[in-house]
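# Topology and contacts: notes
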Protein chains: 2
Amino acid sequence: MRTYLDCYPCFLRQALSAARYAGADEITQHEIMGATLDLLQTLTPGQSPPEIGHAVHRIVRERLGHSDPYHAIKTLSTREALALYPRMKALMAESTDPLAMAVRLSIAGNIIDFAQSDELADLWATVERVLVAPLAPDDLEALRAQLASASYVLFLADNAGETVFDRILIEALPVPVIYVVKGGPTLNDATLEDAVAAGLDACATVMDNGADAPGTILSLCSEEFRRVYAAAPLVIAKGQANYETLSEAGARVFCLLQVKCPVIGRDLGAPVGSVVVRQSL
Amino acid sequence: MRTYLDCYPCFLRQALSAARYAGADEITQHEIMGATLDLLQTLTPGQSPPEIGHAVHRIVRERLGHSDPYHAIKTLSTREALALYPRMKALMAESTDPLAMAVRLSIAGNIIDFAQSDELADLWATVERVLVAPLAPDDLEALRAQLASASYVLFLADNAGETVFDRILIEALPVPVIYVVKGGPTLNDATLEDAVAAGLDACATVMDNGADAPGTILSLCSEEFRRVYAAAPLVIAKGQANYETLSEAGARVFCLLQVKCPVIGRDLGAPVGSVVVRQSL
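Residues numbered from 1 in each chain as written. Chains lettered and ligands numbered in written order. Predicted model: local features only at pLDDT ≥ 70, side-chain atom pairs only at ≥ 80, totals over all residues.

A tally of regular secondary structure across chain A gives 12 helices and 7 strands. Against the 2.2 N^0.38 benchmark of 19 Å for 281 residues, chain A shows a C-alpha radius of gyration of 18 Å, consistent with a compact globule. Burial statistics for chain A: of 281 residues in total, 51% are counted as buried. Here the contacts in chain A between residues at least 6 apart in sequence split such that 70% fall between residues at least 24 apart. (Helix = DSSP H or I, 4+ residues; strand = E, 2+ residues; numbered from the N terminus. Rg over C-alpha atoms; globule rule 2.2 N^0.38 Å. Buried ≥ 20, exposed ≤ 12 C-beta atoms within 10 Å, placed from the backbone. Contact = placed C-beta atoms within 7 Å.)

So, about the confidence of the model for chain A. In this model, chain A carries a mean pLDDT of 96, and residues with pLDDT of at least 70 account for 100%. Among the prediction metrics, the complex's ipTM stands at 0.89, with pTM recorded as 0.91. (pLDDT = per-residue confidence, 0-100.)

Attention now goes to the relation of the copies chain A and chain B. Mapping chain A onto chain B calls for a screw motion: a turn of 180 degrees about the axis and a shift of 0.0 Å along it, with 0.0 Å RMSD after fitting. Such a turn and shift between the copies fits a two-fold axis. Within chain A, the C-alpha atom positioned nearest to the axis of rotation is that of Pro 9 of chain A, 2.1 Å from it. The residues that chain A uses at the interface reappear at the interface of chain B in 100% of cases, marking a shared surface. (Least-squares fit on C-alpha atoms with pLDDT ≥ 70 in both.)

All names here are of chain A. Burial along strand β5 (residues 235-238) is two-sided: the residues Val 235 and Ala 237 and Ile 236 and Lys 238 are all buried. Inspection of the sheet shows strand β2 (residues 153-156) paired to β5 by 3 bridges, in the parallel sense. Of the residues in β5, the one forming a bridge with Leu 156 is Ala 237. Relative to strand β6 (residues 253-258), β5 runs parallel, the two being bridged by 4 bridges. From the neighbouring strand, Ala 237 faces β6, where its bridge partner is Cys 255. You can see the chain leave β5, run along helix α11 (residues 239-246) and come back into β6, and the turn it takes is right-handed. (Pairing = 2+ DSSP bridges. Right-handed = clockwise from strand over helix to strand, strands pointing away.)

Let's shift gears to the domain arrangement of chain A. All names here are of chain A. Once the domains are mapped, chain A shows domain 1 (7-64) and domain 2 (74-279). Of note, the centres of domain 1 and domain 2, computed from C-alpha atoms alone, are 25 Å apart. Listed by partner, the interface residues are 10 residues for domain 1 and 12 residues for domain 2. Looking at the side of domain 1 that touches domain 2, the elements that each hand over two or more residues are α1 (7-21) and α3 (49-64). With 6 residues, α3 is the largest single contributor of residues to the side of domain 1 that touches domain 2. Of the residues contributing to the side of domain 1 that touches domain 2, the split by class is 3 nonpolar, 6 polar and 1 charged. (Domains from an automatic or database assignment. Nonpolar A, V, L, I, M, F, W, Y, C, P; charged D, E, K, R; others polar.)

Counting 115 residues, the largest nonpolar core has Ala 15, Phe 155 and Tyr 179 of chain A together with Ala 15 of chain B as the members making the most contacts within it. The contacts of Tyr 179 of chain A, once residues within four sequence positions are left out, are Phe 155, Ala 157, Ile 170, Ala 195, Leu 200, Ala 204, Thr 205 and Val 206 of chain A. Among the nonpolar cores identified, the runner-up in size contains 62 residues, and Ala 197, Val 206, Cys 221 and Tyr 229 of chain B belong to it. (Core = buried A, V, L, I, M, F, W, Y, C linked by C-beta atoms within 7 Å.)

A few words on the interface of chain A and chain B. Every contact between the two is made by 14 residues of chain A and, on the other side, 14 residues of chain B. Of all elements in the fold, only α1 and α2 (26-41) of chain A reach the threshold of two or more residues within the side of chain A that touches chain B. For the side of chain A that touches chain B, the element with the most residues is α2 of chain A, which contributes 7 residues.

A word on the packing of helix α4 (residues 71-94) of chain B against helix α8 (residues 162-172) of chain B. Packed helices, taken two at a time, are described by their axes: the angle between them and the distance between them. Residues and elements named next belong to chain B. At a closest axis distance of 8 Å, the pairing of α4 and α8 adopts a crossing angle of 30 degrees. Taken together, the axes of α4 and α8 lie roughly parallel to each other. Between α4 and α8 lies a crossing of right-handed hand. Residues Thr 78, Ala 81, Leu 82, Tyr 85, Met 88 and Met 92 of α4 form the contact with α8, whose own contacting residues are Thr 163, Val 164, Phe 165, Ile 168 and Ala 172. When grouped by side-chain class, the residues that make up the contact of α4 with α8 number 9 nonpolar, 2 polar and no charged. (Axes fitted to C-alpha atoms, helices over the stretch in contact; angles between N-to-C directions. Parallel < 35°, antiparallel > 145°, perpendicular 65-115°, else oblique. Left-handed = near helix turned anticlockwise from the far one by under 90°.)

Residue and element names in this part refer to chain B. Ordered by their spatial adjacency, 7 strands build an open sheet running β1-β7-β6-β5-β2-β3-β4, and the pairing between neighbours is mixed. Each having just a single partner strand, β1 (135-138) and β4 (205-208) make up the two edges of the open sheet. Going across the sheet, the axis of each strand differs from the next one's by a mean of 20 degrees, ignoring polarity.

This paragraph deals with helix α5 (residues 98-108) of chain B. Residue and element names in this part refer to chain B. Among the 11 residues that make up α5, 8 are buried, leaving the element largely enclosed by the rest of the structure. Those residues of α5 not exposed but buried are Met 101, Ala 102, Val 103, Arg 104, Leu 105, Ser 106, Ile 107 and Ala 108. Summarising the contacts, the buried residues of α5 are in contact with α4, α6 (123-132), α7 (140-149), α8, β6 (253-258) and β7 (275-279).

Shown next as structure tokens:
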């Protein structure tokens, strides 16, 4: 998905927010905003929002020498999500359609997103909302069909804490899973450390994609990840940034997300708040 | 109130929104966003948000040669508000404290604000919310006391449509009112045409301030308005932009507004959604 003019205010907001998470004083916040304004003047057509986001968050990291401004937020998010793990397992035990239930729980976890908001949402209230919301788009049956024949799943993670919700889905899948996190900190995206803290190493093979960028920008990823990605029979991709980078990556890719921004909503044909299982084009 | 870094995303959003209201094609939208990014690079410390907003909306008007992008929105807002006039008069007829009721109704109208949102809010739902909300800050009794001795009131208008709600308050005041609108279009702020469409000329002396800027930036206003302003015994100033420009204009100035943005909320010490009657410092 290309970057729209509507995204510009959001990049500025993210730059300021990340600068503050990294403890920048007001002069440094000004410098970071100035550098972000410069960046927005030089965008080339066709760049996706995660490519711009990558550049924005690199500005913040480079100016502040702080490798991971969202570290504390990520730790908190994982802890809050782990506290809900037993309740989610109880829901799974009672479910008559465990795949559908687990897919919804994984999507519920996508509410944890510090690209969109500086607040950690009420996670259980989100679970209750997502469990009863209609899927729109709803490609769940296509996902179910492909799962029946795939020998394994490549699962592209999104944010720390959301990882715990993904674990519920992975534990419900009938095949092995390779769980892919970011190669370095960007926003509140999960890294290896975050995946292990959420217990993903106990239910999946965890690897990183070699990139410190939101979403999956293949040109920034390691050669190893690109090989694994090319070979995967079925890909589950979580969150808005993966949708922005993989929405046209072919029919073996399924994007699971909540729509949290009107630009993505317009691209998807679904309003903000939508609960989405969408097979890529 | 000075401009904070948090305001930058909002200026970009306003520029894009105004460009679209004015019917700009995508290339022109890009140019307007570029010019706005340039503008944000050159801000000088201490400028208030309405001063920046003035420059942003001038960019849009100059690029597009469209003198009033919000004209249709303003006409619609006035029509919707006029439809509620009889219901508001009925509330006034039943009220045991007409001044308090009329102040709240005038503040309810401040929900009409296309600087904050591209949608016209549900006006009657807003009335019902504002009628029962606590005032915070609450300087209503100080306003009441000054009204008892003032020979007339200078009333600084905000947005088209909100004018109808102001009419309710003006009709409840025991003294004559000079109602001041903008000297030219800026955002959805009321001009002479909008004030007349809302019937303000029947209950007040309507004049304009000579400026096509949000709020009241005295250096941009006409000499005539500045004289009237300097002489006024009591000033009622509506909306966020007037708060941003007059919050320290002295104890004869009362700002009536709803808090619609967290930056103003922080400045006021009141959360978003607050219903405010505040005597200036």
